Amino acid sequence: MLLIPCPWCGPREEAEFHYGGQAHVAYPEDPAALSDEEWARYLFFRDNPKGVFAERWSHSAGCRRWFNALRDTATNRIHGVYRVGEPRPVAS
Amino acid sequence: MAERRSPAAAYAGRFEAASRGEALRLAELPFLTQINVRVDPSSPAAGDLGDALGVPLPVEPNTAVRAGSGADEVTVAWLGPDEWLVVAPEGYRLELLRKARGDRHGSIVDVSAQRTTLLVTGPRARDLLAHGCALDLHPGVFGPGACAQTTLARAQVVLIPREDGFLVLVRSSFAAYLAEWLLDAAAEYVA
Ligand SMILES: [Zn+2]
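In this text, all values refer to a predicted model and were calculated from it rather than measured experimentally. Sequence positions are assigned chain by chain, starting from 1 and proceeding in written order. Each chain is given a letter, starting from A, and each ligand a number, starting from 1, according to the order in which they appear as written. Only residues with pLDDT of 70 or above have their local features reported here, since the model is predicted, and side-chain atom pairs are shown and tallied only from 80 upward, although totals for entire chains, interfaces and linings are computed over all residues. Side-chain figures throughout are based on the complete set of non-hydrogen atoms in the structure, without hydrogens or water.

Caption draft 1: Seen up close, the packing of aromatic side chains. In this analysis, rings of Phe, Tyr and Trp, with Trp reduced to its six-membered ring, are considered paired at centre separations within 6.5 Å, and the interplanar angle assigns stacked below 30 degrees, edge-to-face beyond 60, and tilted for intermediate values. In total, this model carries 7 aromatic pairs over all chains according to the counting rule given. Centroid distance A:F17 to A:F67: 5.9 Å. Interplanar angle 80 degrees. Geometry classified as edge-to-face. Taken as a pair, A:F17 in the loop between β2 (10–13) and β3 (18–22) and A:F67 in strand β5 (residues 66–72) lie far apart in primary sequence, 50 residues in all. Accessibility assignment for this pair places A:F17 and A:F67 in one class, buried. When the centroid spacing of 6.1 Å and the interplanar angle of 35 degrees are considered together, the rings of B:Y11 and B:F15 count as tilted. A single burial state applies to B:Y11 and to B:F15, both of which are buried. Feature note: the residues A:Y27, A:W39 and A:Y42 constitute an aromatic cluster, connected by ring pairs. Charges are assigned to positions over rings by a cutoff of 6 Å between ring centre and Lys NZ or Arg CZ, combined with an angular limit of 35 degrees from the ring normal. Positioned above the aromatic ring of A:W8, the side-chain terminus of A:R83 is 3.4 Å from the ring centre. If you follow B:R4 out to its NZ or CZ, it ends over the ring of B:F31, 3.9 Å from the centre. Per the convention used, a helix needs a DSSP run of H or I reaching at least four residues, while a strand needs a run of E reaching at least two, with both numbered from the N terminus. A simple rule labels every residue: compare its accessible area, found with a 1.4 Å probe on the protein chains alone, to the largest value its type can have, and call it buried under 20%, exposed over 50%, or partly exposed in between.

Caption draft 2: Geometry of the interface of chain B and chain A. With 16 residues of chain B at the interface, the matching set in chain A holds 11 residues. Approximately 1100 Å² of surface area, both sides summed, lies buried where chain B meets chain A, with 45% of it carried by carbon and sulfur atoms. Here's the idea: put two parts together, see how much 1.4 Å probe accessible area each one loses, and the total over both is what we call buried area. Its largest share of buried area at the contact with chain A, chain B owes to B:N62, B:P81 and B:Q149, together 35% of the area lost on that side. Here a salt bridge means any side-chain nitrogen of Lys or Arg lying within 4 Å of a carboxyl oxygen belonging to Asp or Glu. Between chain B and chain A we count 3 salt bridges in total. Among the ionic pairs, A:R65 bridges to B:D82, the shortest N-O distance being 2.7 Å. The term polar contact refers here to a pair of N or O atoms within 3.5 Å; inside protein, the definition further demands a hydrogen-donor-capable atom paired with an acceptor-capable atom, and it admits residues adjacent in sequence only when both atoms are side-chain atoms. At the surface where chain B touches chain A, the tally comes to 8 residue pairs in polar contact (both at pLDDT 80 or more). Contributions of two or more residues to the side of chain B that touches chain A are made by β4 (74–80) and β8 (148–152) of chain B. When residues of the side of chain B that touches chain A are assigned to their parent elements, the largest contribution, 4 residues, is made by β8(B). Under the grouping applied here, Gly and all other residues not named as nonpolar or charged are polar, the nonpolar ones being Ala, Val, Leu, Ile, Met, Phe, Trp, Tyr, Cys and Pro and the charged ones Asp, Glu, Lys and Arg. A breakdown of the residues in the side of chain B that touches chain A according to their chemical character gives 7 nonpolar, 6 polar and 3 charged. Note on contacts: a residue pair qualifies if any of its non-hydrogen atoms lie within 4.5 Å across the two residues.

So this is what it looks like as structure tokens:
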């Protein structure tokens, strides 16, 4: 079980959280202008790094806020968490 | 008028039986008024709501404040950066909060029926909850003035520590499950 530090509540067990996939995927400025392929790319294509990955998490059984986390997909080490709107920190 | 039944009413007798020893006291505090408040904490409306409650809305995560006495006694628990839960006696006048907010941005919602309140007190209260809760419940880090939304035996709860134990606010539909779990976990502490 991971211990995930919610940027509001502090460290809580993984079971309190809900995973939200890759962070910083911006909604298209003008979705109607996209081709089917571009739209599919926005909807379905995500990075899949081995290493540090910026992800969205929701503290669903706690404060119910969404936030971002930098998690190493190979080691599960969490390098940092940051609130929505805050810039992505540099992984240590 | 329909008869009102609290979610854990059927457990009153077994709670009482489990409370006969020195170690534990289990009880339901039915029908408390619970109000969900959402407002920008830096807005004037938040200040006016604090005045109406008799205590400023706590902005520190995982904290709760108490104010007033008797029919005006309120506990205000932090639920999120712009969200609080007000727990007050039955009959608390939520219109006062609506009036304090006025027509400004924010929401005041009566959620009294969403959860019921279980009182878990006594010298073994902390040991009992620790059977199903991953948080450190030691009074040094989780004493009066704290609060937490977390899971107890996998059920979502709001925990509010008191001098002699804890308030456990649980969704009405999970109240029977949690009551059964508490009684089962309490077996080793009950004479
Ligand atoms: Zn949280």
